[in-house]
Amino acid sequence: MHRLILFSLVLLTACSQTPPTVVIPDVVSEMETSEIGGSWERDYSRDDDVNKSLQRAYNLLAQSIADQRRMDGTRTTGITPRQASSLVALARLAELITRSEVLQIVQTDDRVSIARRDDFALECRFFGGEMQPTSSPFGIEECGWVDGDLISRLRLREGLTVVSRFTVSETGDRLRVTTTVSSPTSRMPFTLRRFYRKFEEPESDYACIETLSMKRVCTTGEL
């Protein structure tokens, strides 16, 4: 039996408070994959509203606290200022890391790279059919395919965890990115969905490289 990596992907919904567990096999070749490579632009008309998502998470947190205290037989006092502040911080972080208007996704048998404008790229690497954790200055990333969806878990400093699920439509021209941010300081994680449409990006007249000085150099000629 192949070694399995388990982690929780929390989907906040009005009908469920129990986060399902996502099982990611480390042998990707045995799982159903999807073609998500290409250029994708935001479809703002379908995006989740951050304030509404925050209110939904706030209501779930309040209900969770009330249920727990009823089970313990203690008096319900509601959400504390610290709990509310922690949830708001997660919402702000989720909004920040999902702000990209365009995604550039390069997909091969051994790698999926998701370049995001104004943000660092997500890197998923697979060697010999096995997924390999990727290290960066931001943290450790693990990836896998579940039911045709690409799932990335990025462990950041101070216990922050960002789980992103990329779901492509049957027609292949729509992409949903569900991002869940969790932290040891918050009792409730925060989930935000962004939607994208595939488009053909025009070829640029410029050729660019990254120099050793970490500066981008572009020219209209050959490099």
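Residues numbered from 1 in each chain as written. Predicted model: local features only at pLDDT ≥ 70, side-chain atom pairs only at ≥ 80, totals over all residues. Heavy atoms only, no water.

What follows concerns the packing of helix α1 (residues 50-72) against helix α2 (residues 81-97). Closest axis-to-axis distance for the α1/α2 pair is 11 Å, and the angle between their directions is 145°. At the point where α1 passes α2, the crossing takes the right-handed sense. On α2, the residues touching V50, L54, A57, Y58, L61 and I65 of α1 are Q83, A84, L87, V88, A91 and E95. Taken together, the residues of the contact of α1 with α2 sort by class into 10 nonpolar, 1 polar and 1 charged. (Axes fitted to C-alpha atoms, helices over the stretch in contact; angles between N-to-C directions. Helix = DSSP H or I, 4+ residues; strand = E, 2+ residues; numbered from the N terminus. Left-handed = near helix turned anticlockwise from the far one by under 90°. Contact = heavy atoms within 4.5 Å. Nonpolar A, V, L, I, M, F, W, Y, C, P; charged D, E, K, R; others polar.)

Tallying each qualifying case throughout the model produces 0 aromatic pairs. Directly above the aromatic system of F120 lies the positively charged group of R116, at a separation of 4.8 Å from the ring centroid. (Phe/Tyr/Trp six-rings, centres within 6.5 Å; stacked < 30°, edge-to-face > 60°. Lys NZ or Arg CZ within 6 Å of the ring centre and 35° of its normal.)

Looking now at the environment of A62. Counting through the fold element by element, A62 comes out in helix α1. With 17 residues separating them in the primary sequence, A62 and I79 have C-alpha atoms 5.9 Å apart.

Let's shift gears to α1. Between its first and last C-alpha atoms α1 spans 33 Å; for 23 residues at 1.5 Å apiece the expected length is 33 Å, and the two agree. On its buried face, α1 sits against α2 and β13 (190-199). Sitting at the head of α1, D49 places a side-chain oxygen 3.0 Å from the backbone nitrogen of N51. Phi for G73, located one or two positions after α1, is positive at around 75°. (Expected span 1.5 Å × (residues − 1). Polar contact = N/O pair within 3.5 Å; in protein donor to acceptor, adjacent residues only side chain to side chain.)

A few words now on the confidence of the model for the protein chain. Taken over all residues, the pLDDT of the protein chain has a mean of 79, while the share at 70 or more is 74%. In this model, residues 1-24 is a region of pLDDT below 50 whose contacts with residues beyond four sequence positions or in other chains number 60 contacts. (pLDDT = per-residue confidence, 0-100.)

At D147, a residue that is not glycine, the phi angle is positive and equals roughly 55°. Locating D147 in the fold gives a position in the loop between β9 (139-146) and β10 (149-156).

Here strand β11 (residues 161-168) lies mainly inside the structure; 8 of its 8 residues are buried. Side-chain alternation along β11 places T161, V163, R165 and T167 on one buried face and V162, S164, F166 and V168 on a second face that is also buried. In this sheet, β11 lies alongside β10 in antiparallel orientation, the contact comprising 6 bridges. Bridge pairing in β11 links R153 to V163. Linking β10 to β11, which pair antiparallel, is a turn of 4 residues; within it E158 sits at a positive phi near 60°. Two strands pair when backbone bridges link them, and β11 and strand β12 (residues 174-182) are joined in this way by 8 bridges, in the antiparallel orientation. When the sheet's bridge partners are listed, V162 is paired in β12 with V181. Counting the residues between successive antiparallel strands, the hairpin from β11 to β12 contains 5 residues, one of them, G172, with a positive phi of roughly 80°. (Buried < 20%, exposed > 50% of the residue type's maximum accessible area, 1.4 Å probe, protein only. Pairing = 2+ DSSP bridges.)

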